[in-house]
Amino acid sequence: MSTITQRCLLTSAILLALASTPLSAQEATTSADEATESTELEAVTVTAQSRSQSVQEVPISVSVIDDVQVERLAATDMSQIANYLPGLVVDAWDQTQPSFALRGIRTDTFSIGIDSAVGIYVNGVYQTNGGGSLLAFNDIQRVEVLKGPQGTLFGRNTAAGAISIVSNEPGLDFEARGRVRVGSENRRYSDALVNLPVGERFGLRMSAINNRDDGWQQDTGTGRRYEVDRQFGARAAFGGDLTETWNLQLAWDHERIKQPQRLGISALPFLNNSTARAPFPPDPASYRDPRDVDIYQDVVDGKQLKGYDGASLKLTGSFDWGTLTSVTAFSESDIAHNEDQDGTNNPTVRLDSGVTQSGSTRYQEFKFAGANDSIDWVAGLSWYREEGEQSNIVNSTTNAIDTLFFNQGAQLPCGGPLACIDLLLAANGFPQRFLGHDYGERINNEMRSTSTAVFGDVIWHVTDRINLTGGLRYTRDDKEFAWFNPLRVSPGIDATLRDIAPFGLLSQIPPQLLFLLRNNLVFANAVGVEVERENDWSDVSPRVVLDFRVADDSMLYLSASEGYKAGGFDGVQIDSEYAPENVRNYELGIKNSFPSLRMVLNAAVYRYDYTDRQSLLLVPASSPAGIPQYLVQSFDQSAEGFDVEWSWRATDDLSFNLAAAYIDSTFDNGSTTAGGEDLSGQPTGEPEWSFAAGANYVWRLGENGELEFNLQHSYRGETRCNADSEFQGLCGEYTGFQVGDELHLTNVRVGWTSPDYRWGAALYVNNVFDEQNVRSIGGQAQSVLGTPIGTLTLPRMWGFELSARWD
């Protein structure tokens, strides 16, 4: 047994001992009179197992964030609460295609048709990575984060876990709320909702948010602002009881993002306002801290755009035998982003990349559930269809192509080969030139994916204190994919070649160089040919859980589960296919409630083994004069770790919270990158430790209302580097800064509410100590043009809030 496993089991045993002893002692010394309403623990109800249960009765490691906690953090989406849920990482640097990770398992990809290892569900409806996975928080009730495979409980398989976002349903009473925030970087945020009764059975609930600021970065040359929020969202829901048997919930969600491009900052600022080449190969000792340099960008049409519309119909029938729920959903989304990959305004090294994508989804699920004295059961059928089109785009200049040739060995006394040809053309009186022209390539994809599944989950109440849960899921995935790689677009090169051909000058150009000028450099395979491919995969995923109620408010559970994610096709690697991924997860957990102390203490130790985990990694160029590409690669990995959550309401006015996570995640033997790096036994990059802690205190001011003070702090440890981390840009120590450093974040909020809770005001500061890290350095241009770019975490933000409600 490994040392870390022994440590995890020992920790679990200690927590079990601590949980049992004080509980019995407290029960022996606390009188019935003291167990009043003011000293009882408030129950948190979730639907993590497709049943309404107290979170303390669910034998799954699950974290819950409610609307009050979201408000205290001034969070507008999942990425802004993830730091306070150890084990969860939400990377929203690209807001159009975010990535999610749980317990070190993530899927980073910008290719259509690749499912996320962490399933995102909004009101029970699965969301695609480029669609509604990072919708703005708009009238939400709570967020449930379930760790570990959850395939037998949800309509799509979830290999790493699931995030379930639950919105407020329409009610039968009038309600109206509004809020505005102003703050740093000219923040202008507003949200509003109204709930209207419609007759005696139905309600209509409408809400909207508008989030804008001027950004916290600015281009020194053009004055353009970056790191800007420009987001609008709207939601309308209609629902109620059709009959005594049937309930209807109809909802529509809309979101729009229109922002400048995500920002990559040059670590070699001397290249700006210049036409000089970068030193090659690049010298990391010369890199400047991206936090301390001026910003210059030359990307054409830099942007981040997203449009999303989704509609869902939920019908629930209640019968003597149980319930039948039908969920029907449809969505459409369009995204586009285009950014600067060299981080400069230097045409000699200009490289831009982008993605455009449009798609639609259809989803149908039928779920049956029931319970009796012996069992609780859930069974379901699901069908999911996704169709989409995507283009991966690279734009550059012929000056940068000449730099590319030069750096790959075509070094002449007059410079690069294109510069030398231009000198010869000029010397002989020809006006044509190869330098100074735009250059672009793209790969177009079409995808169609269908997933069907049958799943079931049964809880057998063996005794009053012992439950045995068994679940099974069968999934079949069918995917069709197509690639079309058109000829590069460069009217300037074509015109120059055409104009000098009649003079016999093409014969003076080396044949290999002439071939490269006429063909694609980046996407060099199957030019002008449409390639199609299809495949199907199927899987059976089981789940077994044994839970034992040690005492009335203490539960111990042991679980084993498997998760699966379909294989697929890489959008930029023509005619490629990668295998499905599978995970086996084993977990031992304990959940404790101390009602008279108003305290909760939960912990879990786990181990998982992952096979063919799909990872998006930067791969060195494989063609002459090409550039590195982000391609999907598969690795085996395993991890051991534990999670702990503790909350204590010390008094009616004072409460504390603490959560911590530890993980040791490593690559298995035989894990070798496409660049030839052997990662066997090395860390996957996931930090070992993360934690979050906080406190909340309310001052009762009588007729003057209440004053609330909230303090939250989070910590995420250093990235654990491996042999490929520096090439990926995720690790490294440089002069004056470090990539992958530990990160501390502290948030403070002071809020006032009126005695009738109708009016409110608050002042908040997020990242109080302005701790800003370099999150990455490198990029596609670094290894071919010598131009590394850096990206940063968020700086300090503050704001003032006013709110009002009527009900």
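Residues numbered from 1 in each chain as written. Predicted model: local features only at pLDDT ≥ 70, side-chain atom pairs only at ≥ 80, totals over all residues. Heavy atoms only, no water.

Turning our attention to the overall build of the chain. Along the backbone of the chain there are eight helices and 39 strands. In terms of C-alpha radius of gyration, the chain reaches 28 Å, essentially the compact-globule figure of 28 Å for 807 residues. Principal-axis analysis of the C-alpha atoms gives the chain an extent of 105 × 60 × 55 Å. Every one of the 807 residues in the chain was classed for burial, and the buried ones make up 55%. Roughly 32900 Å² of accessible area belongs to the chain as shown, and the carbon and sulfur atoms make up 54% of that amount. One way to put it: in the chain the 61 positive side-chain charges average out to a point 3 Å from where the 106 negative ones average out. (Helix = DSSP H or I, 4+ residues; strand = E, 2+ residues; numbered from the N terminus. Rg over C-alpha atoms; globule rule 2.2 N^0.38 Å. Buried < 20%, exposed > 50% of the residue type's maximum accessible area, 1.4 Å probe, protein only. Areas by Shrake-Rupley, 256 points an atom, 1.4 Å probe, with all protein chains shown as cover. Lys, Arg positive; Asp, Glu negative; His and termini not counted. Charge placed at Lys NZ, Arg CZ, Asp CG, Glu CD.)

With that settled, consider the state of the cysteines. Per the counting criterion, the structure on display carries two disulfides. Across the disulfide from Cys721 sits Cys731; the S-S distance is 2.1 Å. Judged by the sign of its S-S torsion, about -95°, the cystine formed by Cys721 and Cys731 is left-handed. With Cys721 in the loop between β32 (706-716) and α7 (725-728) and Cys731 in the loop between α7 and β33 (732-734), this pair connects stretches of sequence that are 10 residues apart. Since its relative accessible area comes to 42%, Cys721 is described here as partly exposed. Listing the disulfide partners of the chain by sequence rank of the bonded cysteines yields 1-2, 3-4. (Disulfide = S-S within 2.5 Å.)

Our focus in this paragraph is the sheet that holds strand β4 (residues 88-91). Reading across from one edge, β4-β5-β6 is the order of the three strands in this open sheet, with antiparallel pairing throughout. A single partner strand is all that each edge strand has here, and the edge strands are β4 and β6 (105-106). In this structure, strand β5 (residues 99-102) lies alongside β6, joined through two bridges in antiparallel fashion. Each residue of the ladder has a partner; that of Leu102, found in β6, is Ile105. (Pairing = 2+ DSSP bridges.)

What follows is about unusual backbone geometry. Geometrically, the link from Phe280 to Pro281 is a cis peptide bond, its omega value of -5° lying close to zero. One non-glycine residue, Glu227, lies in positive phi territory at about 55°. Examined against the element boundaries, Glu227 turns out to sit in the loop between β15 (225-226) and β16 (230-241). With a phi angle near 60°, Asp612 is a residue other than glycine that sits in the positive phi range. Tracing the backbone through its elements, the reader meets Asp612 in strand β28 (residues 599-619). A relative accessible area of 26% places Asp612 in the partly exposed class.

Judged by pairing direction, the sheet is mixed, and its five strands sit side by side in the order β3-β9-β10-β7-β8 without closing on themselves. Since the sheet does not close on itself, it has two edges, and those belong to β3 (62-66) and β8 (125-126), each with one partner.

Two elements in contact, helix α3 (residues 398-407) and helix α4 (residues 417-427), have axes separated by 7 Å at closest approach and are oriented at 115°. Each of Thr398, Ile401, Asp402 and Phe405 in α3 lies in contact with α4, whose residues at this interface are Pro417, Leu418 and Ala419. Looking at the contact of α3 with α4, its residues break down into five nonpolar, one polar and one charged. (Axes fitted to C-alpha atoms, helices over the stretch in contact; angles between N-to-C directions. Contact = heavy atoms within 4.5 Å. Nonpolar A, V, L, I, M, F, W, Y, C, P; charged D, E, K, R; others polar.)

A few words now on the pattern of salt bridges. Within the structure shown, the criterion is met by 53 salt bridges. With its nearest N and O atoms 3.2 Å apart, the salt bridge here joins Arg533 to Glu577. Here Arg533, found in strand β25 (residues 530-551), pairs with Glu577, found in the loop between β26 (554-565) and β27 (581-594); they are 44 residues apart in sequence, far enough to count as distant. On the basis of relative accessible area, Arg533 is assigned to the partly exposed category, the value being 30%. (Salt bridge = Lys/Arg side-chain N within 4 Å of Asp/Glu carboxyl O.)

Here we take up a nonpolar patch on the surface. On the surface, Phe174, Leu196, Met206, Trp699, Leu701, Leu707, Phe709, Leu711, Val750, Trp752, Trp759 and Trp806 cluster together into a nonpolar patch covering about 1000 Å² of accessible area. Looking at the nonpolar patch, the elements that each hand over two or more residues are β32 and β35 (743-753). Per element, the largest residue contribution to the nonpolar patch is three residues, and it comes from β32. Tracing the sequence through the fold places Leu707 in strand β32. Residue class for Leu707 comes out partly exposed when judged on its relative accessible area of 30%. (Patch = residues over 30% accessible without salt bridge, like charges linked within 9 Å, V, L, I, M, F, W, Y side chains within 5 Å.)

What follows covers the environment of Ala604. Along the chain, Ala604 falls in strand β28. Remark: the alpha-carbon pair of Ala604 and Glu645, spanning 41 residues in sequence, is separated by 9.2 Å. Discounting chain neighbours no more than four positions away, the residues touching Ala604 are Ser61, Arg103, Tyr557, Glu587, Leu588, Gly589, Gly641, Phe642 and Asp643.

Chain-level pLDDT for the chain is 89 on average; 92% of the residues reach the 70-or-more range. The element-level mean pLDDT for the chain is lowest in helix α1 (residues 3-29), coming to 37, with strand β36 (residues 759-766) highest at 97. The model gives residues 1-40 a pLDDT under 50, and that stretch makes 43 contacts with residues more than four places away or in other chains. (pLDDT = per-residue confidence, 0-100.)

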